[in-house]
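# Architecture and fold: a report
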Amino acid sequence: RSDILPRQRQIVGFRLVLCGGAGETADRGCTGNGQEQDISDIEDMGSSSELQTLNTKEARELAGKLVVWYNANKRDLPWRHQEKWEQAPYAVWVSEIMLQQTRVATVIDYFGRWMAKWPTVELLAAASEEEVNEMWSGLGYYRRARMLHQGAKSVVDKYNGLLPDTVEGLKSISGIGDYTAGAICSIAFGKKEPLVDGNVIRVFSRLRAISADPKAQASVKLHWALARSVVQQCSDPAALNQALMELGATVCTPKSPLCAECPVAAHCKALAQQTQNSAVNVMNFPMKVPKPPPRPETVAVCVLVEEGKSLGPQKTPAKNTKKNGASTLNAEELQSCSFLVVQRPDTGLLASLWEFPTVPVAADLSEASCKQVLSKYLHDAAAAQSSTASATTDSTTQMKSTSKGGGRKRVKEDA
């Protein structure tokens, strides 16, 4: 029924469940008596469902309007000037990874600094993990930087430093999935490959009035089918895919969409429903999925200072004070101190990054108990490091004594 709110419609597997009663017109996808109609696959619904894949004519019209609008209204962003970059596909790759979960305004400066330091895949591959993390500092989601770095090494090893121009080839590289592969293929190589991100999902959800959970498997499959049907009817896939993302970012926004400025408003089923029924709002599409609550975690952190070890120009220290039995250092004194930092594991949250000694503890643990836990952690870590260093020294000695002709092997010891 046209008066049923979008959120009352559900997709369960590949079956569309809608209500219909006596004396009422049966909704699409239902039989006349209100019973459910089995549908083998969501893409097989055809023209009888509002969740249909676009037909060829409408897909071509949408593509044409979007490309014209994009060419007239696109933002001037540095990664869009592919002629400037020594390796344009690599520049697209870097920009797409940086733009994930990060605002465009923030990415612009980071992208410029990154490309100035590592303008080619080979230069990035040769960089150290510390250099990459330092350059990425402030962008968050550091796993992206690590995967980009690993991916660059993979491109050098497998493809002689040049990104492949197929989705299959790109997806063989660490950190590149369906979305990034589609972006690189279409934007850098002009291939008719689709891409789907949050902006594209929102645009198609409103164009086709899809109110289902956008993260559900059936919805994901449908949105990729819609994106593919449009890009296949376009002669400029680079402009089209960027137009879909640009439209979602600047016009078809999550809140307060600018429907009057939308180049494809005439095709928008969500807008049509809103016009016909005041109880429906464009912003109902796609469904708002509640975020899982944050997982609480309590940690004890120790800032361990070694005084007198200069890290830079020495300054005359001022007299320190005591607080709760501990030394308190002022800003000048900190210039002549060293701090103990430890490296996190190479997997999991904030992998391989450095931090002050940190130990998970119970939320209700007292400060005195926290200090005991930290003390044990530090002593155990020191003992383990001492044992490792001793074993490395013994191994080095053995290799020196058994080598022939005065040859020597270098062994890297833990700091």
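Up top is the structure these notes are about.
Heads up: these notes are all about the structure in this document. Just so we're clear, the structure is a prediction, and the values are computed from it rather than from any experiment. (Residues numbered from 1 in each chain as written. Predicted model: local features only at pLDDT ≥ 70, side-chain atom pairs only at ≥ 80, totals over all residues. Heavy atoms only, no water.)

### Quick notes on the overall build of the chain
Along the backbone of the chain there are 14 helices and ten strands. Of the contacts formed within the chain by residues at least 6 apart in sequence, a portion of 61% connects residues at least 24 apart. Total accessible area computed for the chain in this model is approximately 23800 Å², and 52% of it derives from carbon and sulfur atoms. (Helix = DSSP H or I, 4+ residues; strand = E, 2+ residues; numbered from the N terminus. Contact = heavy atoms within 4.5 Å. Areas by Shrake-Rupley, 256 points an atom, 1.4 Å probe, with all protein chains shown as cover.)

### Focus: unusual backbone geometry
The omega torsion of the bond from Phe 285 to Pro 286 falls at -10°, within 30 degrees of zero and hence cis. With respect to the element layout, Pro 286 can be found in the loop between α12 (269–276) and β3 (299–301). Positioned with a positive phi, Ala 209 is a non-glycine residue whose angle comes to about 55°. Looking at the secondary structure, you find Ala 209 in the loop between α9 (198–207) and α10 (217–231). On the accessibility criterion, Ala 209 (1% relative accessible area) is buried. For Leu 350, which is not glycine, the phi torsion reads 50° and is therefore positive. You can see Leu 350 is positioned in the loop between β8 (342–343) and β9 (354–355). (Buried < 20%, exposed > 50% of the residue type's maximum accessible area, 1.4 Å probe, protein only.)

### Focus: the packing of helix α2 (residues 88–99) against helix α3 (residues 104–117)
Packing of α2 against α3 leaves a shortest axis separation of 10 Å and a crossing angle of 140°. By the angle between their directions, the pair α2 and α3 is classed as oblique. The two elements α2 and α3 cross, and the hand of that crossing is right-handed. For the pair α2 and α3, the contacting residues are Tyr 90, Ala 91, Val 94, Ser 95, Met 98 and Leu 99 in the first and Val 104, Val 107, Tyr 110, Phe 111, Trp 114 and Met 115 in the second. Looking at the contact of α2 with α3 residue by residue, the classes come out as eleven nonpolar, one polar and no charged. (Axes fitted to C-alpha atoms, helices over the stretch in contact; angles between N-to-C directions. Parallel < 35°, antiparallel > 145°, perpendicular 65-115°, else oblique. Left-handed = near helix turned anticlockwise from the far one by under 90°. Nonpolar A, V, L, I, M, F, W, Y, C, P; charged D, E, K, R; others polar.)

### What about the state of the cysteines?
With the rule as written, the count across this model stands at zero disulfides. In this structure Cys 262 is not part of a disulfide, and its nearest cysteine sulfur, from Cys 252, lies 6.3 Å away. The class for Cys 262 is buried, based on a relative accessible area of 19%. (Disulfide = S-S within 2.5 Å.)

### Side note on the side chain of Glu 58
Looking at the secondary structure, you find Glu 58 in helix α1 (residues 56–73). The class of Glu 58 is buried, set by a relative accessible area of 17%. Beyond its immediate sequence surroundings of up to four residues, Glu 58 is in contact with Arg 208 and His 267.

### Focus on α9
Within α9, nine of the ten residues are buried, which leaves the element mostly enclosed by the surrounding structure. Taken together, the buried positions of α9 are Asn 199, Val 200, Ile 201, Arg 202, Val 203, Phe 204, Ser 205, Arg 206 and Leu 207. Where α9 is buried, its residues contact α1, α10, α11 (237–250) and α12. In this structure Asp 197 caps α9, since a side-chain oxygen of it lies 3.1 Å from the backbone nitrogen of Asn 199. Just downstream of α9 lies Ala 209, where phi reads positive at about 55°. (Polar contact = N/O pair within 3.5 Å; in protein donor to acceptor, adjacent residues only side chain to side chain.)

### Examining the side chain of Thr 120
Here Thr 120 is to be found in the loop between α3 and α4 (121–126). Overall, the relative accessible area of 7% leaves Thr 120 in the buried class.

### Points about the nonpolar core
Ranked by size, the top nonpolar core spans 81 residues in total, and within it Tyr 90, Trp 93 and Trp 114 carry the most contacts. Apart from residues lying up to four places away in sequence, Tyr 90 is in contact with Trp 114, Met 115, Trp 118, Pro 119, Thr 120, Val 121, Leu 124 and Leu 163. Core analysis: the next-biggest nonpolar cluster, separate from the first, contains six residues, Ala 300, Val 361, Cys 370 and Leu 374 among them. (Core = buried A, V, L, I, M, F, W, Y, C linked by side-chain atoms within 4.5 Å.)

### Side note on helix α5 (residues 129–136)
The α-helix advances 3.6 residues per turn, and as a result positions three or four apart in sequence lie on the same side. Turning to α5, its buried residues number three or more, namely Val 132, Asn 133, Met 135 and Trp 136. Down the axis of α5, the buried side of the element spans an arc of 160°, and every buried residue falls inside it. Looking at the buried positions of α5, the neighbouring elements they touch are α2, α3, α4 and α6 (143–159). Once α5 finishes, Gly 138 follows within two positions and takes phi at roughly 105°, a positive value. (Arc of directions from axis to C-beta.)

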